[in-house]
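Letter by letter, the chains look like this.
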Amino acid sequence: MSKISNTNLNVIVKLNSAFNLSLPVSVEEFLEKTGKIFLFAKRFFTEAFLPPFDFREAYKQSFSIGYKSLPLIGITGFIIGFTLTLQSIPTLNKFGAASLVPSMVAVAVLREIGPVISSLIFAGKIGSGIGAELGSMRVTEQIDAMEVSGTRPFRYLVVTRIIASTFTLPLLVIYADLIALLGGFIAVNISSPMNLNLYFMSAFSGLGFMDVIPATIKTYFFGFAIGLVGCNEGWNAARGTESVGIAANTAVVISSLMVIIIDMLAVQITSLL
Amino acid sequence: MNMNGTDIALKIENVTKAFGSLKILKGVNLEAKKAETIVILGRSGTGKSVILKCIIGLLTPDSGKIIAFGMDSHNLTKEQRPIFRKKIGYLFQGGALYDSMSIRENLEFPLIRQEDYQGELLTDKVISALRSVGLESAIDKMPSEVSGGMMKRIALARTLILEPEIILYDEPTTGLDPFTSKEISELIIKLKEERKVTSIIITHDIPCARLVADRVVVLKDGIFFKQGTFSEMESSDDEFVRGFFDFK
C-alpha cells in the first residue's frame, strides 16, 4: 500500500518520538487504526445494551469525570468569556455597536467557543486520564485478572467510562457557557457599568434555538469520541510501562483532533438546516 | 472430575502457539490429576506463561485441545464460559490487584459480579478468604499500602474466593524473600490438602518446587521434553534439566 509522502512521514515519525505518541505513519497504519476504533465502537454498542448494566460504576465514573472537572472547566469558561468580551469592546465601539457586546459574546460562546474549548480541555484531562488508567491496568494485568474471573471487564471499565464521558460533557459545556457569560458580564462592567438582568436579557435576545440546540447536540458526540478514543488507547496499550505514557498522549492528540473534525462536520450540517 | 474413567482434572493435547513467525509451543501435551501439583520449569521466554494463558483462555492456541471439566476451553458456549472461568483460578506474577479498589473491594468484586453475593454473606466470605492467607487485618487497606508478599497472598485469596478446582500460578514466589516464599509454598500445600485443588505452577524457585511438586515437567524447544518427580529430575542425567537444580 502506498505510503504518505516522505516529508509527512518524517514529520509524524519525529512527532511520535518527541511527544511519545503512536500516530499512524503510513496509509496502511492509518486505515488499520481507524478500523480498530470502529470495531471498538461496535463492541461498545454491542455490550452497552446487554444486561446486566453497571449503573453504579457509570454513576461513579460520571462523578469522577464530571464533578471533578468542574473547577478546571469553570476557570476556562470564565477566562473565555472575560477575554472575548474585553477584546470585542474596542472593535464594536468603533462601529457604535457596544450595546451588541452581550449578544455577540453569547452567540460566540454558546455556538462555538464554549463547546470546542471546553471539549479540548476535557480531552486533555479526561481522555489522557482514561488512556493512562486503562493502559496501566493492561500493563499490570489487572484487565486480564478481571477477564479470568469472568467479570466482563469491557462492560465494567469501557462501557461505563464512555457513557460517563458522553453524558457529562454536555453538562460541563452548559456550565462553562454560563460561567463564560458571567465572565463577560464582569468584563463589560470594567468599561461601563451594566445591570446583570439587562446584560443577560441583551445576551439572550440575540440567541435562537438554532444557536443552542445543535451546539448542545454536538457536545454529546464530542464526549463520546473522547471517551471512545481514551478507552481504545488504554485498552489496546502494549505491554511495558512506556506504553502507558504513549496511550495517554495518543488519546489526547487523537481525541482533540476528533473534536475539531466533528465540530467541522456539525457546522456544515447545521448550515444546511 | 472424571475424564474418560480416570481421575484427570486437566488435559492438554498437542497444543501449538506461534506469535508471527515465532513458534513458541510446538505440541504441548500434559495431563494433570485431581489434587496433583505440577511444577513447570523452563528458561525465560520459552512459553511457560503462554501455556497458562492458553489454559485460562487469555490466549487461543493455534491448534490442539485443552479439556477440563468435560469442556474444551476454546469451544465454550456462552453458558459454559462463566462456569469454566469460575472453576479455574489464576494467580498473576505481579498479583494484579485492582489498585483503585481496597483489599475488601478486590475480593468482593468477583463475588458480586459472578455470584451475586450481598450483605453479611459477602463480608463473611471475604474475611474467610483473607483468613485463609492470614491477612484479615489488611481488609480495609489499599493495595499500595501492603508489601509485595502480602500482595501475593491477597491475590491468592482473591483467586480462592470463587473456590476454583484448578489453580494456575505464574511465578508465585518471584521477588519474595525466602521466608515469605516458604509461606506461599505452604499455602499451596494447604490448598491441596484441604480443598483437593489441582495446581500448575510456573516457578524458577527450586526450594518452592521441592516443597510443593508432585511432578516436575521441563519445557524446552516448545515441548515438555522431560518429566518426573522432583528427586528424579534433580538427579537427571540430562545436562539441561540438571541446570535448573545445580547452583554450584
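Here, the structure is the one placed above.
J.: Give me the lowdown on the overall build of chain B, citing residues and values where you can.
T.: Counting its secondary structure elements, chain B contains 9 helices and 10 strands. Whereas a compact globule of 248 residues would reach a radius of gyration of roughly 18 Å, chain B reaches 18 Å, a difference of no more than 12%. Taken across its 248 residues, chain B has 41% of its residues classed as buried. Partitioning the contacts of chain B with sequence separation of at least 6, the portion at a separation of at least 24 is 64%.

J.: I'd like to hear about the sheet that holds strand β7 (residues 166–170) of chain B, residue by residue, with values.
T.: Residues and elements named next belong to chain B. Spatially, 6 strands are ordered β6-β7-β8-β3-β9-β10 in an open sheet, and the strand pairing comes out mixed. Strands at the two margins of the open sheet, each flanked by one partner only, are β6 (88–91) and β10 (223–228). Between one strand axis and the next, the sheet turns through 20° on average, direction left out of account. When β6 meets β7, the two strands line up parallel, connected through 4 bridges. Bridge assignment links Y90 to a residue of β7, and that residue is L168. Its contacts with the sheet place helix α5 (residues 148–160) against β6 and β7, and it is angled at close to 170° to β6.

J.: Quick one: what's the story with the interface of chain B and chain A, residue by residue and with numbers?
T.: In this assembly, 15 residues from chain B lie in contact with 10 residues from chain A. Secondary structure elements with two or more residues in the side of chain B that touches chain A: α2 (80–87) and α3 (103–115) of chain B. With 4 residues, the top contributor of residues to the side of chain B that touches chain A is α3(B). Of the residues that constitute the side of chain B that touches chain A, the class distribution is 10 nonpolar, 2 polar and 3 charged.

J.: Just give me the short version of unusual backbone geometry, but keep the residues and values in it.
T.: Residues and elements named next belong to chain B. Despite not being glycine, A96 shows a phi value in the positive range, around 55°. One can find A96 in the loop between β6 and α3. We note that D221 has phi near 55°; this positive angle belongs to a residue other than glycine. Its location among the elements puts D221 in the loop between β9 (215–220) and β10.

J.: Can you tell me about the nonpolar core, naming the residues and giving the values?
T.: Nonpolar side chains tend to gather and get buried jointly when the protein is soluble and globular. Of all hydrophobic cores here, the largest spans 132 residues; its most connected members are B:V39, B:I40, B:I154, B:A157 and B:L168. Residue contributions to this core peak at 17 residues, all from helix α5 (residues 101–139) of chain A. In contact with B:L168, not counting residues within four places along its chain, are B:L52, B:I55, B:I56, B:I88, B:G89, B:Y90, B:L91 and B:I200.

J.: Quick rundown of the packing of helix α7 (residues 153–191) of chain A against helix α9 (residues 209–235) of chain A? Include the residues and the values.
T.: Residues and elements named next belong to chain A. Relative orientation of the contacting elements α7 and α9 amounts to 145°, with a least axis distance of 7 Å. Relative to α9, the crossing made by α7 is right-handed. Contacts between α7 and α9 involve V158, R161, I162, S165, T166, F167, T168, L169, P170 and V173 on the former and, on the latter, T216, T219, Y220, F222, G223, F224, I226, G227, L228, C231 and W235. Across the contact of α7 with α9, the residue classes break down as 13 nonpolar, 7 polar and 1 charged.

J.: So what about the packing of α3(B) against helix α4 (residues 119–132) of chain B? Which residues, and what values?
T.: The angle between the axes and the distance between the axes are what describe a pair of packed helices. Residue and element names in this part refer to chain B. Put simply, α3 and α4 touch, their axes get as near as 10 Å, and they point 120° apart. In this structure, the crossing between α3 and α4 has a hand that is right-handed. Contact residues: R104, L107, E108 and L111 in α3; L122, K125, V126, A129 and L130 in α4. Looking at side-chain class alone, the contact of α3 with α4 contains 6 nonpolar, no polar and 3 charged residues.

J.: Can you tell me about the sheet that holds strand β5 (residues 71–72) of chain B, naming the residues and giving the values?
T.: Residue and element names in this part refer to chain B. Pairing is antiparallel in the open sheet, where 4 strands are placed in the order β2-β1-β4-β5. Strands at the two margins of the open sheet, each flanked by one partner only, are β2 (22–33) and β5. When strand β1 (residues 8–19) meets β2, the two strands line up antiparallel, connected through 9 bridges. Note that in β2 the partner of K17 across the bridge is L25. Its contacts with the sheet put helix α1 (residues 48–56) on β1, β2 and β4 (63–68), and the angle it makes with β2 is roughly 65°.

What counts and what doesn't
Residues numbered from 1 in each chain as written. Chains lettered and ligands numbered in written order. Predicted model: local features only at pLDDT ≥ 70, side-chain atom pairs only at ≥ 80, totals over all residues. Helix = DSSP H or I, 4+ residues; strand = E, 2+ residues; numbered from the N terminus. Rg over C-alpha atoms; globule rule 2.2 N^0.38 Å. Buried ≥ 20, exposed ≤ 12 C-beta atoms within 10 Å, placed from the backbone. Contact = placed C-beta atoms within 7 Å. Pairing = 2+ DSSP bridges. Axes fitted to C-alpha atoms, helices over the stretch in contact; angles between N-to-C directions. Nonpolar A, V, L, I, M, F, W, Y, C, P; charged D, E, K, R; others polar. Core = buried A, V, L, I, M, F, W, Y, C linked by C-beta atoms within 7 Å. Left-handed = near helix turned anticlockwise from the far one by under 90°.

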